[in-house]
Structure formats: C-alpha cells, structure tokens
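# A structural walkthrough
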Amino acid sequence: MNSSVEAIEGSHVSLLCGADSNPPPLLTWMRDGTVLQEAVTESLFLELDEVTPREDGVYACLAENAYGQDNRTVGLSVMYAPWKPTVNGTVVAVEGETVSILCSTQSNPDPILTIFKEKQILGTVIYESELQLELPAVTPEDDGEYWCVAENQYGQRATAFNLSVEFAPVILLESHCAAARDTVQCLCVVKSNPEPSVAFELPSRNVTVNETEREFVYSERSGLLLTSILTLRGQAQAPPRVICTSRNLYGTKSLELPFQGAHRLMWAKIGPVGAVVAFAILIAIVCYITQTRRKKNVTESPSFSSGDNPPVLFSSDFRISGAPEKYESERRLGSERRLLGLRGEPPELDLSYSHSDLGKRPTKDSYTLTEELAEYAEIRVK
C-alpha cells in the first residue's frame, strides 16, 4: 500500500491494501479505531467518493490469520481552498483605545492571510491560519469597513467586518448660513459616533430650535456625518447670529455659523426693481465724473496760456462818465495806435487808467464741479 495519498476536495479516492498468507488473511481498513471495511481476501479497496477535509487523516490496514498479523498505515491529504475567515476581537471602540482583531481560517495548504481597508494593506502573513491586527489609539479615521482575505492555489475567500469608533461631535468647516430672496438657510454638518443631537440657537431672539421641530429643521444621516438645515423665513434686516450646538454621550461642541454672501442679503431685500434703479444711478455717477474730467482737461490745454501778459482786446466804446468829447476822441486814438502797434506818445489825458489782466485762473483741484469752472478775470487798478 502507498504511504501517502493527496487528493483535491470533491474528487474520488481509492485506497488499496494487499497481503500474502496461507490461509488467506482477514483484511481490515480502520481509521481512528473505527472499522471502515473488512474481508477475507488477499487485496481490499477502500473507496471514498467526493472527499472532503473531514476525510483527511491516517488510515490503517490490518492483515491477520491463525498464524499471525501485520499492519500498515497510509496518510490521506485532502487539498482544499480556505474556508470563510472568522473575525474575533474588538469591533466597537472609543477614540484613543487600542483595538486587537484576530482573523483565522482553515485550508490545505495553509493560506496567505491579509487584512486591508479601502485597498490599503494593514497586515499580512504567509502560510499561516491566523492573523492578529493591532490598532493603537484608534481615531475616527479608523472607523469603517475592513476585509480579511485568505487565499491559496485552490481558491480565495474573504470576510468583511466593521470597526466602529465612538467619539465626541466635530462640527465641520463647511457649516455656514446663506441668504436667499426671502429666507436664510443655515447648514450645520456634524461628524460623530454615536449619532448626536443638534440644536440651533439665535441669541438675538433668545430662541433655540432643535431637530425635532421638522417645520424649521431638516436632518439627514450619511455614515458618520449628520447634516442639519435650519430655514428662517422673512426679510432679514441684517445677517442673523446662529450658533449650532451638537452633543452625544462623549461631549458637546458649539460653533457660531459664518454668514456667507452678506451682499446677497442686500440684493434680496431691495429686489430686482431696486437693483435696476441702483445700477442706473451708478451709471449716471460714472458718466458725470467722466464729463467733469474731460472738461478739466480742455480748460487746462496750453492754448489757454500763451504768455504771462496775453493780448487784450477791449472795446473802443468805453467811456469815462462826464469826460469832454475832446478827451474822449484822444483816448480812442491812443487806444487804436496801441492796438495797431504804432509808435508815438498818445496825448496826455488828465485821468486815471486801469490795466485789465483777463488770464484764466487755475482751479483748486481735479474734482471741481462744473459750475466752478466758469471763466473769470481779475482786474488790478494801478
């Protein structure tokens, strides 16, 4: 008989035992002291249909007659894929605790065992039936689904398990308030395990609204995240102060929600008609400033200042009240000579005279209003 036999799970196995004696022997197949088959013959087959791991072991064949006995053994090794792994250990822990998880299986040959989370390998052993995983000081990030995978050349099996890490509430930064046309919505996003209670406080109105008041608060749970939305209706004169408070058996957390888009609240209050009016006023102001600057540029052009004493043309109809006709005609003649650039002394006149400087006077600044740009002259009496 063979000393050992290997067979794959589910296959047919035939074990043969033969002996030579006279008279013929009594052959007996036994396993663990249990008689499986016997007959008086020189050869005896033990037939095993669709073997399973339970048939794996050592079989003995005993041959005997009136003159003596003899025996031999044979080992049957049934090869099979790993069984579905079992997980024993802590699956619920409080933040900061150490977690120990044991994953075990059975196969022939021994498997490769691996524990991973979200495709990240956390531990592995080769040709061993057990794998111990230690997670020191667990955090909320360790919460989630894990997999223990066992495999050999005959197959692969896996088991999923969840590690639940319990911790105090954490209010996330995306929590805020925002304005619509006639409502203000406040969003409070809380990460917590177990599920927390959430309340909104309005200090200016001395009002607290919790999630049980469905008319004002809508809450939705997704994994470790709880999203609560508070809806305030009516025209808001200013961004409201809203404080979100969340608590569970491990602690309490509060946060004053920032108001995003305060300018939206202003436009929501004035409405579309008011927005059009404000836009028109803005355009008018821009046009006014543009025209003012254009006029200033024209008045400051070099053509307005051709010299310190620009030529002055004044009317010859100017008269001195009460002056005789002779004096008046002589004054006209002198004036005409000066305008024509003729030399010669004008007749002496027994009167006072004035010098008129009609030069443009500069304005004070670039933002002078239009009515302040009127031209004027300064008359100096000598």
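See the structure printed just above.
Let me begin by describing the structure that accompanies this report. (Residues numbered from 1 in each chain as written. Predicted model: local features only at pLDDT ≥ 70, side-chain atom pairs only at ≥ 80, totals over all residues. Heavy atoms only, no water.)

### Some points on the sheet that holds strand S18 (residues 197-202)
With antiparallel pairing, four strands are arranged side by side in an open sheet as S19-S18-S22-S23. At either margin of the open sheet sits one strand with a lone partner, and together these are strand S19 (207-210) and strand S23 (251-256). Taken over all neighbouring pairs, the strand axes of this sheet differ in orientation by 20° on average, direction set aside. Here six bridges tie strand S22 (residues 243-248) to S23, and the two strands are oriented antiparallel to one another. Counterpart to Ser-246 in the pairing with S23 is Lys-253. (Pairing = 2+ DSSP bridges. Helix = DSSP H or I, 4+ residues; strand = E, 2+ residues; numbered from the N terminus. Axes fitted to C-alpha atoms, helices over the stretch in contact; angles between N-to-C directions.)

### Concerning the pairing of strand S2 (residues 13-18)
Consecutive side chains of a regular strand alternate in pointing toward one face of the sheet and then the other. Across the two faces of S2 the burial differs, with Val-13, Leu-15 and Cys-17 buried and Ser-14, Leu-16 and Gly-18 not buried at all. Judged from the six bridges that link them, S2 and strand S5 (residues 43-48) form a sheet pairing that is antiparallel. Along S5, the bridge assignment pairs Leu-16 with Phe-45. (Buried < 20%, exposed > 50% of the residue type's maximum accessible area, 1.4 Å probe, protein only.)

### A short note on the environment of Leu-27
The residue Leu-27 is located in strand S3 (residues 26-31) in this model. By relative accessible area, Leu-27 is classed as buried at 0%. When neighbours within four sequence positions are excluded, Leu-27 is seen to be in contact with Cys-17, Gly-18, Ala-19, Gln-37, Glu-38, Ala-39, Thr-41, Glu-42, Ser-43, Leu-44, Leu-62 and Ala-63. (Contact = heavy atoms within 4.5 Å.)

### Observations concerning the packing of aromatic side chains
Counted under the stated rule, the structure contains two aromatic pairs. Here Tyr-80 and Trp-83 contribute two aromatic rings whose centre-to-centre distance is 6.0 Å and whose plane-to-plane angle is 40°, an arrangement assigned as tilted. Judged by centre distance (5.5 Å) and plane angle (15°), the ring pair of Tyr-146 and Phe-161 falls under stacked. Here Tyr-146 is found in strand S14 (residues 144-152), whereas its partner Phe-161 is found in strand S15 (residues 155-171), with 15 residues between them in sequence. (Phe/Tyr/Trp six-rings, centres within 6.5 Å; stacked < 30°, edge-to-face > 60°.)

### Side note on the side chain of Thr-114
Within the secondary structure, Thr-114 is located in strand S11 (residues 112-117). For Thr-114, a relative accessible area of 13% puts it in the buried group. A polar contact of 3.1 Å, which involves the side chain of Thr-114, links it to the side chain of Thr-124. (Polar contact = N/O pair within 3.5 Å; in protein donor to acceptor, adjacent residues only side chain to side chain.)

### Notes on the state of the cysteines
Scanning all chains against the criterion turns up four disulfides. Shown here is the disulfide that connects Cys-103 with Cys-148, its sulfur atoms set 1.6 Å apart. Of note, the bridge from Cys-103 to Cys-148 carries an S-S torsion of about -80° and is left-handed in sense. Taken together, the residues span a long stretch of sequence, with Cys-103 in strand S10 (residues 99-104) and Cys-148 in strand S14 at a distance of 45 residues. With relative accessibility at 0%, the residue Cys-103 sits in the buried group. Given the relative accessible area of 0%, Cys-148 is considered buried. (Disulfide = S-S within 2.5 Å.)

### Examining unusual backbone geometry
Here the amide bond leading from Asn-108 into Pro-109 is cis, since omega sits at 0°, within 30 degrees of zero. Its location among the elements puts Pro-109 in the loop between S10 and S11. Cis geometry marks the peptide bond from Asn-193 to Pro-194; its omega dihedral reads 5°. Topologically, Pro-194 is positioned in the loop between strand S17 (183-193) and S18. One non-glycine residue, Asp-32, adopts positive backbone phi at about 50°. Residue Asp-32 is classed as exposed on the basis of its relative accessible area of 69%. Here the phi dihedral of Glu-50 falls at roughly 50°; this positive angle occurs in a residue that is not glycine. In this structure, Glu-50 sits in the loop between S5 and strand S6 (57-65).

### Regarding a nonpolar patch on the surface
Among the surface-exposed residues, Phe-279, Leu-282, Ile-283 and Val-286 lie close enough to one another that they form a single nonpolar patch of about 390 Å² accessible area. For Ile-283, a relative accessible area of 40% puts it in the partly exposed group. (Patch = residues over 30% accessible without salt bridge, like charges linked within 9 Å, V, L, I, M, F, W, Y side chains within 5 Å. Areas by Shrake-Rupley, 256 points an atom, 1.4 Å probe, with all protein chains shown as cover. Salt bridge = Lys/Arg side-chain N within 4 Å of Asp/Glu carboxyl O.)

### Considerations on the pattern of salt bridges
Inspection of every chain in the model, using the stated rule, returns four salt bridges. Measuring nitrogen to oxygen at the nearest pair gives 3.2 Å for the salt bridge that ties Arg-72 to Asp-70. The exposure class of Asp-70 is partly exposed, given its relative accessible area of 43%. For the salt bridge of Arg-241 with Glu-256, the shortest nitrogen-to-oxygen distance reads 3.1 Å. Of this pair, Arg-241 sits in the loop between strand S21 (225-233) and S22 while Glu-256 sits in strand S23, placing them 15 residues apart in sequence. Assessed through its relative accessible area of 42%, Arg-241 is described here as partly exposed.

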